[in-house]
Amino acid sequence: MSRPVFACLGDSITSDQVTGIGTVVARKLDAQLLGNFACGYATCSDWHAGEANFSPISLTVPDNTNTADNVLSNQVRRLLKAITPKGQPVTWRHPLCGETSLTGETGSGLGPAPDIIYIAISTNDGNQPYNLPVDDTDAVLRLPYTMLTRNSMASALRWAIETLQSACPYAQLFVATPLQTWTDLPWMSYETMLVKRNIIVKVCRALGVKVIDSFYESGFSRLIAKDHGEVHPDDGWKENIASFVAARIKASVTL
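Report on the accompanying structure.

Cut-offs used in this document
Residues numbered from 1 in each chain as written. Predicted model: local features only at pLDDT ≥ 70, side-chain atom pairs only at ≥ 80, totals over all residues. Heavy atoms only, no water. Pairing = 2+ DSSP bridges. Helix = DSSP H or I, 4+ residues; strand = E, 2+ residues; numbered from the N terminus. Axes fitted to C-alpha atoms, helices over the stretch in contact; angles between N-to-C directions. Expected span 1.5 Å × (residues − 1). Buried < 20%, exposed > 50% of the residue type's maximum accessible area, 1.4 Å probe, protein only. Core = buried A, V, L, I, M, F, W, Y, C linked by side-chain atoms within 4.5 Å. Contact = heavy atoms within 4.5 Å. Parallel < 35°, antiparallel > 145°, perpendicular 65-115°, else oblique. Left-handed = near helix turned anticlockwise from the far one by under 90°. Nonpolar A, V, L, I, M, F, W, Y, C, P; charged D, E, K, R; others polar.

**Comments concerning the sheet that holds strand S1 (residues 5–10)**
And step 1. Here five strands make up an open sheet; going across it, the order is S2-S1-S7-S8-S9 and the pairing parallel. In the strand order of this sheet, the two ends are held by strand S2 (32–36) and strand S9 (210–212), each with one partner. Here the average twist between neighbouring strands, direction ignored, is 20 degrees.
And step 2. Across four bridges, the pairing between S1 and S2 is parallel.

**Looking at helix H8 (residues 235–252)**
And step 1. An ideal rise of 1.5 Å per residue puts 26 Å on 18 residues; H8 measures up with 26 Å between its terminal C-alpha atoms.
And step 2. Listing the buried residues of H8 in full gives Trp 237, Lys 238, Ile 241, Ala 242, Phe 244, Val 245, Ala 246 and Ile 249.

**Observations concerning the nonpolar core**
And step 1. Leu 72, Leu 79, Leu 157 and Ile 161 are the most contacted members of the largest nonpolar core, which has 41 residues in total.
And step 2. Counting only elements with at least two residues in this core, the list comes to S1, helix H2 (72–83), strand S5 (89–94), strand S7 (116–120), helix H4 (153–167), strand S8 (172–176) and helix H5 (190–207).
And step 3. Leaving out residues up to four positions away in the same chain, Leu 72 has contacts with Leu 9, Thr 43, Cys 44, Ile 119, Ile 121, Ala 156, Leu 157 and Ala 160.

**Here we look at the packing of H2 against H4**
And step 1. Packing of H2 against H4 brings their axes to within 9 Å, and their N-to-C directions diverge by 10 degrees. Taken together, the axes of H2 and H4 lie roughly parallel to each other. Where H2 approaches H4, its residues Leu 72, Ser 73, Val 76, Arg 77, Leu 79 and Leu 80 are matched on the opposing element by Ala 156, Leu 157, Trp 159, Ala 160, Thr 163, Leu 164 and Ala 167.

**A closer look at unusual backbone geometry**
And step 1. At Asp 30, a position not held by glycine, the phi torsion is positive, near 55 degrees.
And step 2. Assignment of secondary structure puts Asp 30 in the loop between helix H1 (21–28) and S2.
And step 3. Although it is not a glycine, Glu 230 sits at a positive phi angle of roughly 65 degrees.

**Some words on the packing of H4 against H5**
And step 1. Following both chains from N to C, one finds H4 and H5 inclined at 35 degrees, their axes separated by 10 Å at the closest point. Regarding H4 and H5, the two cross each other, and that crossing is right-handed. For the pair H4 and H5, the contacting residues are Met 153, Ala 154, Leu 157, Arg 158, Ile 161, Glu 162 and Gln 165 in the first and Lys 196, Ile 199, Ile 200, Val 203, Cys 204 and Leu 207 in the second.
And step 2. Classifying every residue of the contact of H4 with H5 by side-chain character gives nine nonpolar, one polar and three charged.

So, in structure tokens, the structure goes:
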């Protein structure tokens, strides 16, 4: 059997800019890494003021910076560009809403569509007034795809999942809940991270996507986080968490 093609999206926990767990998961799966599209400081939701979304569409990989372009939706767009044959328009067709494209963008042809896509994001949501985590999941799930604003975690995650399902219909998606942390930062408190965890679970269950519940099941509790990285797991726990994620994927994936 050929090696599965793996792609991952997320924030500093996953990105090679910081902790790099996504790439370690690919190694533990013996998978071909299409790309680690995660970026440090990334948020799940786009940035917005009221109803006005001001996260620009960007296919340029941002630095480890807290900026409006550093969002999950742009990671999805970079993945789509990577799997679109070189020179061809970047398009995808939503089964219910028709074709969408990245206007003026053509593919880079870096590789085939992934067999496995792993998303682990939300740690940073709430670090600005523009991306506060509000649980509007029930309302978001009633909207058509074309009306998803990505102004909330539920809207952004649903957009990301349905876009990837449309563009990569044979890929198996896994979405992780956030790790627990040990920090005084209010957007990373136990209570706020639990809100984020619950949003992710509800969206994924509605869309038929497998959840890897890192918040409760990875072993990286607040107690462990206190002495092993606080937010970013130290080297030993990076390996532990990557092993946990890889085991969950292996137990569920069918190729």
